Amino acid sequence: MQQMGDKVAAKQAAIDCGLPIVPGTPVPITTTEEAMEFCLKHGLPVIFKPVYGHDGIGMRVVHKMEDLKENFERASSEDKNAFGNGAVFIEKFVEKPRNIQVQLLGDKAGNVVHLYERDCSVQHRHKKVIAIAPAPRLDPEVRDQMIDGAVKLAKHVGYSNAGTVEFLCDEKGNFYFIEVNTRLPAEHTVTEEITDIDLVESQIKVAEGVTLPELGITQENIRPRGYAIQCGITTEDPDRCFLRDNGTIREFRKGGAEEVLASV
């Protein structure tokens, strides 16, 4: 978990397993000059990412060279405030990709299974808004390659726990490893719905030393059924330039068809 929680270390492990990756710096960058050197070699757009971050916090896309310095400094500052560490790395930005997550479970005996994939492409400021499982209209061959690569990576590092391997998939069917989430993200519920496996209970049992076969969780027993969709709520403060905010939901109103059509 510690190795996969470090995005740079996870990327190196993926390289060792032969997974395709988006061009990026092998170690965190510390200066604007390093970022500029990368941009001159690989071109724009690029994206800054926190080494230890999640939920899109601190991620910044740069389309113009004149915006590079400001975005690097802001990304590093945001990451330090949010995660206690301002380390960032830079990657070539893949435009209009699909975000595909492969859900894994691993135990302390070396067993690893996958629970198929989720499509989390609909995002707001790099924060997942809609999750669909399994991913619709995904080429079966591409799906199998991503799943096989995710399982291979988990076994390579001896991963134990629930975890998610994330990929970007472009319009041509090319896919790239981006990171591993060593936790249960909010969108894990759609995977539970199509597999009937309680991921929270499973990871607790694994932590106690129970193996996946003892839980009755083997790859041949896992078969997706139907589809599940989850929609998230993003809270922002309009009085503070729409910064992320939190609070209590006191009222929820669901728009009807006429309201939706009227707003369009």
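See the structure printed just above.
Source: prediction; values computed, not measured. (Residues numbered from 1 in each chain as written. Predicted model: local features only at pLDDT ≥ 70, side-chain atom pairs only at ≥ 80, totals over all residues. Heavy atoms only, no water.)

**Q** Break down the packing of helix α2 (residues 7–16) against helix α5 (residues 140–157) for me, citing the residues and quoting the values.
**A** Relative orientation and spacing of two packed helices are given, respectively, by the angle between their axes and the distance between those axes. Here α2 crosses α5 at 110 degrees, and the two axes come no closer than 10 Å. Here α5 runs roughly perpendicular to α2, going by the angle between their axes. Across from A13, A14 and D16 in α2, the residues of α5 making contact are L153, H156 and V157. (Axes fitted to C-alpha atoms, helices over the stretch in contact; angles between N-to-C directions. Helix = DSSP H or I, 4+ residues; strand = E, 2+ residues; numbered from the N terminus. Parallel < 35°, antiparallel > 145°, perpendicular 65-115°, else oblique. Contact = heavy atoms within 4.5 Å.)

**Q** With reference to specific residues and values, describe a nonpolar patch on the surface.
**A** Taken together, the side chains of I233, I249 and F252 define a hydrophobic patch exposed on the protein surface, amounting to about 380 Å² of accessible area. Within the fold, I249 resides in the loop between β11 (243–244) and α8 (257–263). Residue class for I249 comes out exposed when judged on its relative accessible area of 57%. (Patch = residues over 30% accessible without salt bridge, like charges linked within 9 Å, V, L, I, M, F, W, Y side chains within 5 Å. Areas by Shrake-Rupley, 256 points an atom, 1.4 Å probe, with all protein chains shown as cover. Salt bridge = Lys/Arg side-chain N within 4 Å of Asp/Glu carboxyl O. Buried < 20%, exposed > 50% of the residue type's maximum accessible area, 1.4 Å probe, protein only.)

**Q** Any details on the layout of surface pockets? Residues and values, ideally.
**A** The space that makes up the largest pocket amounts to roughly 730 Å³. For the largest pocket, the lining is made up of 41 residues, of which N99, Q123, H126, K127 and K128 are closest to its centre. At the level of elements, β1 (46–50), β3 (88–92), β4 (98–106), β5 (112–124), β6 (127–133), β7 (161–169) and β8 (175–181) are the ones that each hand at least two residues to the lining of the largest pocket. Along the lines of polarity and charge, the residues of the lining of the largest pocket split into 15 nonpolar, 13 polar and 13 charged. Lining the second largest pocket are 15 residues, with G58, E78, R125, L243 and R244 sitting closest to its centre. Breaking the lining of the second largest pocket down by element, the ones donating at least two residues are β2 (60–62), α4 (68–83) and β11. Residues of the lining of the second largest pocket, tallied by class, amount to six nonpolar, four polar and five charged. (1 Å grid on protein atoms, 1.4 Å probe; cavity = no way out; pocket = protein on both sides within 12 Å on 5 of 7 lines; lining within 4 Å. Points joined across faces, edges and corners; volume = space filled by probe spheres on them. Nonpolar A, V, L, I, M, F, W, Y, C, P; charged D, E, K, R; others polar.)

**Q** An account of the sheet that holds β2 is requested, with residue identities and associated values reported.
**A** Strand order in the open sheet formed by three strands is β2-β1-β3, with antiparallel pairing between adjacent strands. On the outer flanks of this sheet lie β2 and β3, each paired with one strand and no other. Between one strand axis and the next, the sheet turns through 25 degrees on average, direction left out of account. Pairing analysis gives three bridges linking β1 to β2, with the strands arranged antiparallel. Looking at β2, one finds that F48 is bridged to R60. (Pairing = 2+ DSSP bridges.)

**Q** So what about the sheet that holds β8? Which residues, and what values?
**A** The six strands are arranged β8-β7-β4-β5-β6-β9 in an open sheet whose pairing can be described as antiparallel. The two strands at the open ends of the sheet, each matched to only one other strand, are β8 and β9 (228–231). Pairs of neighbouring strands in the sheet enclose a mean axial angle of 30 degrees, with direction left out of account. Across nine bridges, β4 lies against β7 in antiparallel orientation. When the bridges of β7 are listed, R98 appears paired with C169. Set on the sheet, α5 makes contact with β4, β5, β7 and β8; between it and β5 the angle comes to about 115 degrees. Helix α7 (residues 199–207) contacts β4, β5 and β7 of the sheet and is inclined by roughly 45 degrees relative to β4.

**Q** How would you explain unusual backbone geometry if you had to name every residue and give the values?
**A** With an omega dihedral of 0 degrees, the bond running from L44 to P45 counts as a cis peptide bond. Residue placement: P45 occurs in the loop between α3 (32–42) and β1. Following A133, the chain continues to P134 via a peptide bond in cis, the omega torsion being -15 degrees. For R137, which is not glycine, the phi dihedral falls at a positive 55 degrees. By the secondary structure assignment, R137 is in the loop between β6 and α5. Overall, R137 belongs to the exposed group, its relative accessible area being 78%. Positioned with a positive phi, D196 is a non-glycine residue whose angle comes to about 60 degrees. Within the secondary structure, D196 is located in the loop between α6 (188–195) and α7. The exposed category is assigned to D196, whose relative accessible area is 54%.

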